[in-house]
Amino acid sequence: MRFAPDTEDILGFIVTLGNTVAGASRSGADEIGTPAQLTELLDANGYTGRFDRDERELAEVHRVRTQLRHVWSLDRDAAAVEVNAMLRQTRALPQLVRHDALDWHLHASEDDEPLAERILSEASLAFVDVIRSDEMTRLRTCGAPDCEGIFADLSRNGSKRFCSVRCGNRVNMIAFRERAAADSA
């Protein structure tokens, strides 16, 4: 399944943001625990618009991160209810925009809106595409029992089980060792 490029980009950003929580991050810590870390994440992902770079903005982004991660656990109908609430909350007004090196794509809020609202409104638009395409099953949590990572399975056959190669390799190594131990016993 392929979504529009801007939808895939936004889903990628949601996954990146969602996987900054302690249970999903590589470091095992909250990887946006400071405004400076949030700024790094936004810069690395080409996020534009207003940034206050303060503790209040960070707390609002943490709240939105939790809200977006929650959508991953919902079925299609429940996700539609949640996404509609997010669209109302942010007063989303989709518009085609072109800036920097990007071609025409959708923004749902003005650049001077608070960061958390912009993230939430743009994520809502991506979720609209996922729901309308009946592809909620592509939004998954990692199959590794010790990982809380999320991912959007954009593979052709939709068979991804892990948020990263690292998690897949770790689970496969554990299974290999268990089989080897059972064979030697």
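For the structure, check the block above.
Nothing here was measured: the structure is a model prediction, and the numbers come from that model.

What counts and how
Residues numbered from 1 in each chain as written. Predicted model: local features only at pLDDT ≥ 70, side-chain atom pairs only at ≥ 80, totals over all residues. Heavy atoms only, no water. Helix = DSSP H or I, 4+ residues; strand = E, 2+ residues; numbered from the N terminus. Buried < 20%, exposed > 50% of the residue type's maximum accessible area, 1.4 Å probe, protein only. Contact = heavy atoms within 4.5 Å. Areas by Shrake-Rupley, 256 points an atom, 1.4 Å probe, with all protein chains shown as cover. Lys, Arg positive; Asp, Glu negative; His and termini not counted. Charge placed at Lys NZ, Arg CZ, Asp CG, Glu CD. Core = buried A, V, L, I, M, F, W, Y, C linked by side-chain atoms within 4.5 Å. Salt bridge = Lys/Arg side-chain N within 4 Å of Asp/Glu carboxyl O. Arc of directions from axis to C-beta.

K.L.:
Summarise the overall build of the chain; cite the residues concerned and give the values.
P.N.:
When you go through the chain residue by residue, the secondary structure sums to six helices and four strands. Helices and strands appear in the chain in the N-to-C order α-α-α-α-β-β-α-β-β-α. Each of the three principal axes of the chain carries a C-alpha extent, and together these read 65 × 35 × 30 Å. Sorting the 185 residues of the chain into buried and exposed places 41% on the buried side. Residue pairs in contact within the chain that sit at least 24 positions apart in sequence constitute 57% of those at least 6 positions apart. As displayed, the chain offers around 10300 Å² of accessible surface, 52% of which is attributable to carbon and sulfur atoms. When the 23 positive and 31 negative side-chain charges of the chain are each reduced to one mean point, those points stand 6 Å apart.

K.L.:
Could you give an account of the nonpolar core, naming the residues involved and the relevant values?
P.N.:
If you look at the biggest cluster of nonpolar residues, it comprises 36 residues, and the most contacted ones within it are L11, L68, W72, I119 and F127. Counting residues per element, the ones that place at least two in this core are α1 (5-18), α2 (35-44), α3 (55-71), α4 (76-90), α5 (115-132) and β4 (150-152). By residue number, the principal contributor to this core is α5, which donates nine residues. Once you skip the residues sitting within four places of it in the chain, I119 turns out to touch F13, L17, Y47, V61, V64 and L68. Among the nonpolar cores identified, the runner-up in size contains six residues, and C142, F162, C167 and V171 belong to it.

K.L.:
Can you explain the pattern of salt bridges? Please cite residues and give values.
P.N.:
Applying the stated criterion across every chain yields a total of ten salt bridges. The partner of R91 in a salt bridge is E113, with the nearest N and O atoms 3.9 Å apart. On the criterion of sequence distance, the pair formed by R91 in the loop between α4 and β1 (95-97) and E113 in the loop between β2 (105-107) and α5 is long-range, its members being 22 residues apart. Take R91: its relative accessible area is 55%, and that puts it in the exposed class. Salt bridges here are not isolated pairs; linked through shared partners, they connect R91, E113 and E117.

K.L.:
Requested: an account of α2, with residues and values cited.
P.N.:
Along α2, the residues that are buried comprise P35, L38, T39, L41 and L42. Projected onto a plane normal to the axis of α2, the buried residues spread over an arc of 160 degrees and lie on a single side. With respect to the buried face of α2, the exposed residues turned more than 90 degrees away are A36, E40, D43 and A44. As for α2, its buried residues are in contact with α1, α3 and α5. Just past α2, the residue G46 takes up positive phi, approximately 65 degrees.

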